Amino acid sequence: MQKELGKSYDPKQVEDKIYQIWEDSGYFNPDNLPARHKKPFTIIMPPPNANGSLHIGHALFVTLEDIMIRYQRMQGRKALWLPGADHAGFETQVVYNKKLEKEGRSFWEIPREQLYEEIKKFTLDNKQYMEGQLRKLGASCDWSREKFTLDEDIKKVVYETFKMLYDDGLVYRAERPVSWCTKHQTTLSDLEIKHEERQDKLYYVNYQLEASGENIEVATTRPETIPADIAIAVHSKSKWRKYIGKNVINPINGQKLPVIADENVDPEFGTGALKITPHHDPLDFKIYNDHKGEIPGKPISVINQYGKLTEAAGKDLAGFKVKDARVKAAEILSASFSKEPEDYTHQVSVCYKCGTTIEPRVMMQWFVKMTEKSINRETEKQRNRETSLRDLAVDAVKSKKIKFIPHRFEKIFMHWMKNLYDWNISRQIVWGIRIPAWYHEPKCIPKVGHEGDVVKCKEMVISETEPKCEFCNAKFVQETDVFDTWFSSGQWPFATLMTTKKGDFEKYYPTDVMATAYDILFFWVTRMIMFGTYRTKKAPFHTVYLHGLVRDKDRQKMSKSKGNVINPLEVADVYGTDAVRMALVIGTTAGNDPIISEDKIRGYRNFATKIWNASRFVLMNYRELKAKPKFTSADKKNLKDLQTAKKKITAYMDKYDFNHAAETAYHYFWHTFADKVIESSKDRLRSENEADTAAAQSVLLEILGESMKFLHPFMPFITEEIYQNLPNKRKSLIMIAKW
RNA sequence: GCGCGCUUAGCUCAGUGGUAGAGCGUUUCAUUGACAUUGAAAAGGUCGGAGGUUCGAUCCCUCCAGCGCGCACCA
């Protein structure tokens, strides 16, 4: 007979041992599953940022995905859960920057190569630590296929995609207005910008008309940029229309500025006249570009990368920080004010990491075209050239090839897709994948060749390795900018499967479910859909399951500074991983923020104890009997209730409603099986009537065994441990037992 | 400004076109018996407000109020 279960369940005694058994079994790798497992079921794990340790949010997605994988594995699917880690470019660099600050070292004084190596070590250490944590959480992922976003083969795929996009005209390099963080010294994408309400002044400045006493009144919040003004724009129907085509005088430096007409200027807002400062405002840049012919001046920049005014701003302003320069400029301009400055509340762009005001600058950067069709830069092979990246993604969702859980995110997705601008993918940071573009150095000077043709070297080449110029000996230097992390992680589903085992891509792609937090819907999910359909012509997954952000019992986001963080590994250590997993799943619906407290976890620890003791009771009372069981009508009803519960749970599982599946399992086990079935069996187990005892025993054993199975995806450790102690079971793992 | 949600028991949240559910908490009782990390029972809600559709609405529609979130180049 099997060994007796201990007096109480001790997760510490069980969890590591069980995980080891699973891992040794090889079944995490779908290729090793028994023959009954046929159709693949694939989840690519959202690779956690390798710049810290796992927090409760990670524990949530790990639990959800492990539930899906374990369920599908038991259902006979060839279940692949592919783990990974993300180098998380900018995020990690910010973390490392802070670490250096604490150590009293200066980020900016460390040479690029050294910094890269230091961050690499830091990241790899974290990565290794996190792998251990994933094991603790019970993640049944295939470690043999683990990938890291900086693996050489992954980088190769990313380079290829970049080249394809470039050849298709969907990637371009241009001088355009971008968002610059003066603290982190890099540009950021639109998504990395937050908007903050600020109290500022709105200044009303007179720009005097040339050779006239008349003025155009301009409202501005940024008088310090007036030296970079290049024109004044008014709406063709505004009160200023009579001045269109004339010149005004720049009130700071006396230069002549043409008055132009542009319909983007709202005649109702401010004074109805807009100063055009192309290098310090994106709208101004656009207006300037539309009116280049009418504007004689060249746009200049008067603010440098540190947010200080340059010489070009004039000696009165040069050297001042923007904020101080504004005060200074106001002083200089006071004679030109048409009225007193007003208090003005408006939204200002800030860096999402440090809150520093974003400085719009015009810089040479790399962009991905989101809304335009490709232009067939080369002519051969067909890719998805007929449509834009946006349309690829929108079509995938519209055609139901991809569906969202919960459904409402489909609307949010569409809304975001509607308002898309080109995506700046270059970052001036060290930690990341260098953009594989090489520039001819020095700049190519066209010369006459042998046949009299003008030979012009290629100024820029897209290449993984250093190219050679076909005409001269000049060196090519590599772009120093690196990719926005999301450019590479947006390729994760296919990049991983293209670089694991041979045949994996064909077998496991497209994947099934992408489960991740809703806050990276735009950063990540949309990009995966775009790049996935672009490169493979298939939607990378059919279901997007979006979960919420874990909050504490007062609905607060967890953060170290608030001191309300629940470390999943710490509480798992106290209450057991199974309890933490249950607490994360029950009461949590897709798309909503789960609320977790230690009390809640304690409650499910109690449930684990209940499971343990009910099992103990069943096994303690089990004895070999020769008598044939004689089932009573109550037995039959109990077995029928079991089937009903199983069906209900299965239906919830298939709907990705893990909350209700878990709750049903919990409720059935505790309040039906333990409270009713077990209670009513007590007398019968001690009865002289062996046929009746046998019936009672076999009902208990049957229900216990089945319960362990339907609880297994949620509480993998305790259920496996008990399953291994059941009599009359083949010595296999519950992990691959038939659902 | 545009968009998406939420408002149900003291708390945290589920849920359904047909006289409201769970967990925790509260109250009472029981218990040396697999489990005090227990069991039995109870109290507790006019399902945010006002209209409408319907035989019937907490659930569908409209409006209102409060709250939350996302997007956003009005100087």
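Reading guide: rules and limits
Residues numbered from 1 in each chain as written. Chains lettered and ligands numbered in written order. Predicted model: local features only at pLDDT ≥ 70, side-chain atom pairs only at ≥ 80, totals over all residues. Heavy atoms only, no water. Buried < 20%, exposed > 50% of the residue type's maximum accessible area, 1.4 Å probe, protein only. Helix = DSSP H or I, 4+ residues; strand = E, 2+ residues; numbered from the N terminus. Pairing = 2+ DSSP bridges. Right-handed = clockwise from strand over helix to strand, strands pointing away. Near = heavy atom within 4 Å. Polar contact = N/O pair within 3.5 Å; in protein donor to acceptor, adjacent residues only side chain to side chain. Phe/Tyr/Trp six-rings, centres within 6.5 Å; stacked < 30°, edge-to-face > 60°. Lys NZ or Arg CZ within 6 Å of the ring centre and 35° of its normal. Axes fitted to C-alpha atoms, helices over the stretch in contact; angles between N-to-C directions. Contact = heavy atoms within 4.5 Å. Arc of directions from axis to C-beta. Salt bridge = Lys/Arg side-chain N within 4 Å of Asp/Glu carboxyl O.

1. Remarks on the pairing of strand 2 (residues 78-82)
For a regular strand, the rule is simple: side chains alternate between the two faces of the sheet. Counted residue by residue, strand 2 has five buried out of five residues, so it is predominantly covered. Side chains K78, L80 and L82 project from strand 2 onto one buried face, and the interleaved A79 and W81 project onto a second face that is buried too. Taken together, the five bridges between strand 1 (residues 40-44) and strand 2 define a ladder with parallel strand orientation. When the bridges of strand 2 are listed, I44 appears paired with L82. At this point the chain moves from strand 1, through helix 2 (residues 56-74), to the parallel strand 2, and the crossover so formed is right-handed.

2. Focus on the protein's contact with RNA strand B
Around RNA strand B, the surrounding shell holds 42 residues, and the nearest of these are D266, I595, T609, H660 and W670. Counting only atoms of RNA strand B within 4 Å of the protein, the fraction found in sugar and phosphate groups is 62%. A distance of 3.4 Å separates a sugar or linking oxygen of RNA strand B from a polar atom in the side chain of H415. K610 is positioned with one of its side-chain polar atoms (N or O) 2.8 Å from a base oxygen of RNA strand B.

3. Remarks on the packing of aromatic side chains
If you walk through the whole model with that rule in mind, you get 34 aromatic pairs. Relative to F531, the ring of W423 has its centre 6.0 Å away and its plane inclined at 20 degrees; by these criteria the two rings are stacked. Taken as a pair, W423 in strand 16 (residues 423-424) and F531 in helix 13 (residues 521-536) lie far apart in primary sequence, 108 residues in all. A residue is classified by how much of its surface remains accessible, and F531, at 1% relative accessible area, is buried. Taking the centre distance of 6.2 Å and the plane angle of 85 degrees together, the rings of Y656 and F658 count as edge-to-face. Per residue, the accessibility class of Y656 equals that of F658, and both read buried. An aromatic cluster of three or more residues is present, and its members are F162, Y166, W366, W423, F483, F487 and F531. Sitting above the plane of the W143 ring, R135 keeps its charged end 4.3 Å from the centroid. One Lys or Arg, R527, reaches over the ring of W423 and ends 3.6 Å from the middle of that ring.

4. Brief notes about the sheet that holds strand 8 (residues 215-220)
In sheet architecture, strand pairing relies on hydrogen bonds along the backbone and comes in two forms, parallel and antiparallel. Strand order across the open sheet formed by three strands is 8-7-13, with antiparallel pairing between neighbours. Edge positions in the sheet fall to strand 8 and strand 13 (337-351), since each of these pairs with one other strand and no more. Ignoring strand direction, the axes of neighbouring strands in this sheet form an average angle of 20 degrees. Across six bridges, strand 7 (residues 193-208) lies against strand 8 in antiparallel orientation. From the neighbouring strand, N206 faces strand 8, where its bridge partner is E217. Taken strand by strand, helix 7 (residues 322-333) contacts strand 7 and strand 13, and its axis lies near 20 degrees from that of strand 7.

5. Considering helix 14 (residues 568-575)
All of the buried residues in helix 14 are P568, L569, V571, A572 and Y575. Down the axis of helix 14, the smallest arc covering the buried residues is 165 degrees, so these residues share one side. Opposite the buried face of helix 14, by more than 90 degrees, sit the exposed residues E570 and V574. Summarising the contacts, the buried residues of helix 14 are in contact with helix 1 (11-25), helix 2, helix 4 (112-136), helix 15 (577-585) and helix 16 (598-620). Between the side-chain oxygen of the N-cap and the backbone nitrogen of L569 there are 2.8 Å, and the N-cap of helix 14 in question is N567.

6. Examining the pairing of strand 24 (residues 513-517)
The element strand 24 is largely enclosed, with a buried count of five among its five residues. In terms of strand pairing, strand 24 meets strand 25 (residues 543-547) through five bridges, oriented parallel. Of the residues in strand 25, the one forming a bridge with A515 is Y545. After leaving strand 24, the chain enters helix 13 and then returns to the sheet as strand 25, a path that is right-handed.

7. A few points about the sheet that holds strand 12 (residues 273-276)
Strand order in the open sheet formed by four strands is 10-11-9-12, and the pairing between neighbours is mixed. The sheet is open, and its two borders are formed by strand 10 (247-249) and strand 12, each paired with just one other strand. Looking at each pair of strands side by side, their axes are set apart by 30 degrees on average, direction ignored. In terms of strand pairing, strand 9 (residues 231-234) meets strand 11 (residues 256-261) through three bridges, oriented parallel. Its bridge partner being in strand 11, I232 is matched across the sheet by V259. Running at roughly 85 degrees to strand 12, helix 6 (residues 282-290) makes contact with strand 9, strand 11 and strand 12 of the sheet.

8. Quick look at the side chain of D504
Tracing the sequence through the fold places D504 in helix 12 (residues 504-508). Filtering out sequence-adjacent residues up to four positions away, D504 remains in contact with R145, L497 and Y509.

9. Here's the deal with the pattern of salt bridges
Close approach of charged atoms allows side chains with opposite charge to pair. Scanning the entire structure with this criterion turns up 47 salt bridges. Put simply, R427 and E192 hold a salt bridge, and the shortest N to O gap is 2.9 Å. Placement of the pair is R427 in strand 17 (residues 426-427) and E192 in the loop between strand 6 (186-188) and strand 7, with a sequence separation of 235 residues. R427 sits in the buried class, given a relative accessible area of 1%. Look at E192 and you get buried, because its relative accessible area is 2%.

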